[in-house]
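What follows is the residue order along each chain.
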Amino acid sequence: MPRIFSGIQPSGELHIGNWLGAVQNWVTLQLSYECVFCIVDLHAITGKYDHETLAQRTREMAVGLLACGIDPDRSPLFVQSHVAEHAELQWLLNAVTPIGDLERMTQFKDKSQRFESVPAGLLNYPVLMAADILLYRADLVPVGDDQIQHLELTRDIARKWNAEFAAGEQYFPEPQPILTEAKRIMGLDGEAKMSKSLGNTVGLLDGPEEIWQKLRPAKTDPARVTRKDPGNPEICNIYHLHRYFSPPETVAKVADHCRGAKWGCLDCKRELADNMIAALAPIRERALDLHTEPGRVEEILAEGAATARKIASQTMLEVRGRMGFLPAATLCPDSR
Ligand code: TRP
C-alpha cells in the first residue's frame, strides 16, 4: 500500500479553511492509504514566533485533528519535535541541497523580505520538509498548491541523494503530490484567504452563537446594498460557503433568491449558519470529549511518536550507513 505523509503547522485551533482545504481530505485518505500525520512544530520556529504559546497551539492542533476524524489507530499522529530523526535527517540532506535552490523558493523570497536579518531556518525550511517526507519514504504527499515547489525540491533532493549514496537505486522514492480540488477558502472579510492571523475565520470548535456572530457581518456581494438589489452569487463568499455546507437544493435556492432579490443577505447567512452549525457539531463534541479525558491527547501523541520513531530510526540506520558514518557501538551494560 502506498504511504502518505503530511504535515500541518501548529497554528492552534483549526478553522473551516483548514478543514475544507486539507484535513477533510486527510480523513478520507486514511481509508485507502497508510498515512503518517505530523504536527510540524520545528517548522513553526523558522520565523518570528511566540514560544510561550507554542506548546498550547501544538496541543490544540492535535485536539482539532483528532476531532475531525484522524484516527490514531489507523494513522500515527505525532509532533515533529518528538521524533529527533527529523532534525537529524534535515542536517544530512543539507549535504545534497544547493543553496541556490533554496534561495529560489517563492515562499522564501516572500517571507525573507519581512526580516532585516533572515534566520537560516527560513532558508532551510524546505530541507526539513524534505526530511519529514523522506524519513518515512513516503510515496504521496497531500499538499496545497503553495507547497508544490517545496515538493519538487524534495524530489530533487531524493534524486541527488540516491545518485550519490545509493548508487542510483531508488532508496528514497520521489514523492508525488496529491492535489485535491483547489479549495481556496476566502476569509469572512472577502478580501484574503481564510487565515487565523487575519482573524477572518470560523473556528471548527466555535459554538452556534459564535458562528452566527461571525457570519452576520461577513462580506457579501458589495453591489447588493439593500434587499431589493439583485445580487451576483458568483462573487459572494457566502454563496461559495453554501456550496460546502448546504445540500444542492439549498445552493440552487440561494443562487435563485440572490439573483432575484427574493431574500436578504441576512436570510441567506442564517441558513448557512444553521447548516454550518450542524456540520461542525460532531467535531465540536469530539473535541469537548477529548478535553475532558485528561492525558488522552498526550497518550495518543506519545503512541504516534513511538510508531513514527520505529520507521524513522530504521531509515536513519540505513542513511547513516550509506553516507559513511562510523556506526556507534553499543556498550554492554556491565562494561561501563
Ligand atoms: N510546509 C507545509 C505547509 O506549510 C507543512 C509541512 C511541513 C509539510 N512538512 C511537511 C506538508 C511534509 C507536507 C509534507 O503547509
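Going along each chain's sequence as written, the residues are numbered from 1 onward. For a predicted model such as this one, the threshold for reporting local features is a pLDDT of at least 70, and the threshold for listing and counting side-chain atom pairs is 80 or more; totals across whole chains, interfaces and linings nevertheless cover every residue. Excluding hydrogens and water, the side-chain values take into account all heavy atoms of the structure.

1. Some words on the site of the ligand
Then step 1. The nearness test applies per residue and asks whether one of its heavy atoms lies within 4 Å of the molecule or strand. Near the ligand lie 13 residues; those nearest to it are His43, Tyr125, Met129, Asp132 and Gln147.
Then step 2. Nitrogen and oxygen atoms within 3.5 Å of one another constitute a polar contact, given that in protein one can donate a hydrogen and the other can accept it, and given that sequence-neighbouring residues count only through two side-chain atoms. Within the contact set of the ligand, a nitrogen atom lies 2.6 Å away from a side-chain nitrogen or oxygen of tyrosine 125.
Then step 3. Contact between the ligand and glutamine 147: a nitrogen atom at 2.9 Å from a side-chain N or O atom of the residue.
Then step 4. To be clear on the numbers: accessible area is Shrake-Rupley with a 1.4 Å probe, and residue cover counts the displayed protein chains and nothing else. Computed on the free molecule, the ligand has an accessible area of 370 Å², of which 87% lies beneath the protein chains in the complex.
Then step 5. Per element, the largest residue contribution to the shell around the ligand is 4 residues, and it comes from helix H6 (residues 120-135).
Then step 6. Charged residues are taken to be Asp, Glu, Lys and Arg, nonpolar residues to be Ala, Val, Leu, Ile, Met, Phe, Trp, Tyr, Cys and Pro, and polar residues to be all remaining types, Gly included. Considering only residue class, the shell around the ligand consists of 7 nonpolar, 5 polar and 1 charged. The helix and strand labels rest on DSSP assignments: H or I over at least four residues marks a helix, E over at least two residues marks a strand, and numbering proceeds from the N terminus.

2. With respect to the pattern of salt bridges
Then step 1. By definition here, a salt bridge exists when the distance from a side-chain nitrogen of Lys or Arg to a carboxyl oxygen of Asp or Glu is within 4 Å. Following the criterion strictly, the structure yields 16 salt bridges and no others.
Then step 2. Among the salt bridges present, the one from arginine 3 reaches glutamate 34, with a minimum N-O distance of 3.0 Å. Of this pair, arginine 3 sits in strand S1 (residues 3-8) while glutamate 34 sits in strand S2 (residues 34-39), placing them 31 residues apart in sequence.
Then step 3. Residue burial is assigned from relative accessible area. The probe radius is 1.4 Å, only protein chains are included, and a residue is buried under 20% of its type maximum, exposed over 50%, and partly exposed in between. Classification of arginine 3 by relative accessible area gives buried; the value is 18%.
Then step 4. With its nearest N and O atoms 3.0 Å apart, the salt bridge here joins glutamate 299 to arginine 296. Of this pair, glutamate 299 and arginine 296 both sit in helix H12 (residues 296-322), 3 residues apart, which is roughly one turn of the helix.
Then step 5. Classification of arginine 296 as partly exposed rests on a relative accessible area of 26%.

3. Brief notes about unusual backbone geometry
Then step 1. Positive phi, close to 50 degrees, is recorded for alanine 167, a residue that is not glycine.
Then step 2. For alanine 167, the location among the structural elements is in the loop between helix H7 (148-165) and strand S5 (176-178).
Then step 3. The phi torsion at alanine 261 lies on the positive side, around 50 degrees, for a residue other than glycine.
Then step 4. Along the chain, alanine 261 turns up in the loop between helix H10 (248-259) and helix H11 (265-292).
Then step 5. For alanine 261, a relative accessible area of 22% corresponds to the partly exposed category.

4. Considerations on the pairing of S2
Then step 1. Summarising burial for S2: 5 of the 6 residues are buried, a large majority.
Then step 2. One bridge is not enough; two strands pair if DSSP finds at least two bridges between them. Here S1 runs beside S2; their pairing, made up of 6 bridges, is parallel. Note that in S2 the partner of glycine 7 across the bridge is cysteine 38.
Then step 3. Handedness of the β-α-β unit built from S1, helix H1 (residues 16-32) and S2 comes out right-handed.
Then step 4. Sheet topology places S2 next to strand S3 (residues 77-79); 3 bridges connect them, and they run parallel. Looking across to S3, one finds that cysteine 38 is bridged to phenylalanine 78.
Then step 5. Each parallel crossover has a hand, and for S2 linked through helix H2 (residues 54-68) to S3 it is right-handed. When the strands point away from the viewer, a crossover counts as right-handed if the path from the first strand over the helix to the second runs clockwise.

5. Comments concerning the nonpolar core
What tends to happen in soluble globular proteins is that the nonpolar side chains get buried as a cluster.
Then step 1. To qualify as a nonpolar core, a set must consist of buried Ala, Val, Leu, Ile, Met, Phe, Trp, Tyr and Cys residues joined through side-chain atoms within 4.5 Å. Grouped together as the largest cluster of nonpolar side chains are 54 residues, with contacts concentrated most on Ile16, Trp19, Leu65, Leu215, Phe245, Met276 and Leu280.
Then step 2. When residues in this core are grouped by element, the largest group, 9 residues, is from H11.
Then step 3. Here the bounds of each domain stem from an automatic or database domain assignment. Both domains that furnish three or more residues to this core are identified here as domain 1 (3-185 + 295-322) and domain 2 (205-289).
Then step 4. The contact partners of leucine 215, leaving out residues within four places of it in the chain, are Leu188, Val202, Ile238, Lys269, Leu272, Ala273 and Met276.
Then step 5. Counting residues in each nonpolar core, the second largest holds 43 residues, with Leu135, Val141, Val143 and Ala166 among its members. Any two residues having at least one pair of non-hydrogen atoms within 4.5 Å are treated as being in contact.

Treat this as a map of the structure, not an account of what it does.
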